[in-house]
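Coordinate inspection notes
This is what each chain is made of:
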Amino acid sequence: MQLNLFKASGSNLFNLIAFNLMWVGCVVGREQWLDVVAVAVLAYVTLLLARREVRPVQLLIPALIGICIDSVLTLAGIFEFSSGSRMLPLWLVVLWLAFASALAKSLAVFGKNKLLAACLGAIVFPLNYAVGERLGAVTFAHGQLNALISLSIIWAFCLPLLYTISEGKLERKNVPT
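Residues numbered from 1 in each chain as written. Predicted model: local features only at pLDDT ≥ 70, side-chain atom pairs only at ≥ 80, totals over all residues. Heavy atoms only, no water.

Comments concerning the overall build of the chain
- From N to C terminus, the chain includes 6 helices and 2 strands.
- Put simply, the chain runs from its N terminus to its C terminus through helices and strands in the order α-α-α-β-α-α-β-α.
- Burial statistics for the chain: of 177 residues in total, 43% are counted as buried.
- A separation threshold of at least 6 residues defines the contact pool for the chain, and within that pool the share at least 24 residues apart is 74%.
- Of the roughly 10,000 Å² of accessible surface on the chain, 69% is carried by carbon and sulfur atoms. (Helix = DSSP H or I, 4+ residues; strand = E, 2+ residues; numbered from the N terminus. Buried < 20%, exposed > 50% of the residue type's maximum accessible area, 1.4 Å probe, protein only. Contact = heavy atoms within 4.5 Å. Areas by Shrake-Rupley, 256 points an atom, 1.4 Å probe, with all protein chains shown as cover.)

Shown next as structure tokens:
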């Protein structure tokens, strides 16, 4: 039996594995692996769009919201990156696009229950940022506890919102004129 990689690439399991590999590439590799990881993320997103498995709005809007939130946290001095810049590093922008693909595909099941999504946002997002800090990807300028509490509150509200956007429930309906 021949494995059809093109067909398998559309599965939720493949998406989950791909996202985790992209997460590692972005967080561990950061600038050193950025060329390879960015190309992989863009190729995968292009494949999902070409196969019509996701719509552009399902990727772009959640990614932009995540980028904006992390940018505000960086500008506010909560996050610090090795570059010393108040700009979000490019690897984090790429990571948000990778996350948006998982949000729309393999992680979509968690968004069906907004209370569950809020709980996951309050727990999983801060844990991911804490792992990123341990790996040297980010520094919490005002201490880990303060950052994790802030992230928990932000993502308890914002993850259900990202799911709502990804599901297309905020898109304008075609209304006959």
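With respect to the side chain of Arg 30
- In this structure, Arg 30 sits in helix α2 (residues 12-50).
- It turns out Arg 30 is buried and unbridged, and the closest side chain with the opposite charge, Glu 31, is 4.6 Å from it.
- If we ignore the near neighbours within four places in the chain, the residues touching Arg 30 are Gly 25, Trp 91, Leu 135, Gly 136 and Ala 137. (Lys, Arg positive; Asp, Glu negative; His and termini not counted. Salt bridge = Lys/Arg side-chain N within 4 Å of Asp/Glu carboxyl O.)

Quick word on the confidence of the model for the chain
- Confidence along the chain averages 88 in pLDDT terms, with 89% of residues attaining 70 or more.
- When mean pLDDT is taken per element in the chain, helix α5 (residues 114-134) scores highest with 95 and helix α1 (residues 5-8) scores lowest with 59. (pLDDT = per-residue confidence, 0-100.)

Overview of the side chain of Gln 58
- Within the secondary structure, Gln 58 is located in helix α3 (residues 56-75).
- A relative accessible area of 8% means that Gln 58 is categorised as buried.
- Only 2.7 Å separates the side chain of Gln 58 from the backbone nitrogen of Arg 55, close enough to count as a polar contact.
- Contact partners of Gln 58, with chain neighbours within four places excluded, come to Glu 53, Ala 100, Ala 104 and Ser 166. (Polar contact = N/O pair within 3.5 Å; in protein donor to acceptor, adjacent residues only side chain to side chain.)

A look at the packing of aromatic side chains
- The tally for this structure, following the rule as stated, stands at 11 aromatic pairs.
- Seen from their ring centres, Phe 19 and Phe 99 are 5.9 Å apart, and the 65° between their planes marks the pair as edge-to-face. Taken together, the residues Phe 19 in helix α2 and Phe 99 in helix α4 (residues 90-104) connect sequence positions 80 residues apart. For the pair Phe 19 and Phe 99, a shared accessibility class is recorded, and that class is buried. (Phe/Tyr/Trp six-rings, centres within 6.5 Å; stacked < 30°, edge-to-face > 60°.)

Notes on the layout of surface pockets
- Volume-wise, the largest pocket comes out at about 530 Å³.
- Taken together, 26 residues form the lining of the largest pocket, with Phe 19, Trp 23, Phe 99, Phe 125 and Asn 128 sitting closest to its centre.
- No other element matches α5, which puts 7 residues into the lining of the largest pocket.
- Each residue belonging to the lining of the largest pocket can be placed in one class, and the counts come to 21 nonpolar, 4 polar and 1 charged. (1 Å grid on protein atoms, 1.4 Å probe; cavity = no way out; pocket = protein on both sides within 12 Å on 5 of 7 lines; lining within 4 Å. Points joined across faces, edges and corners; volume = space filled by probe spheres on them. Nonpolar A, V, L, I, M, F, W, Y, C, P; charged D, E, K, R; others polar.)

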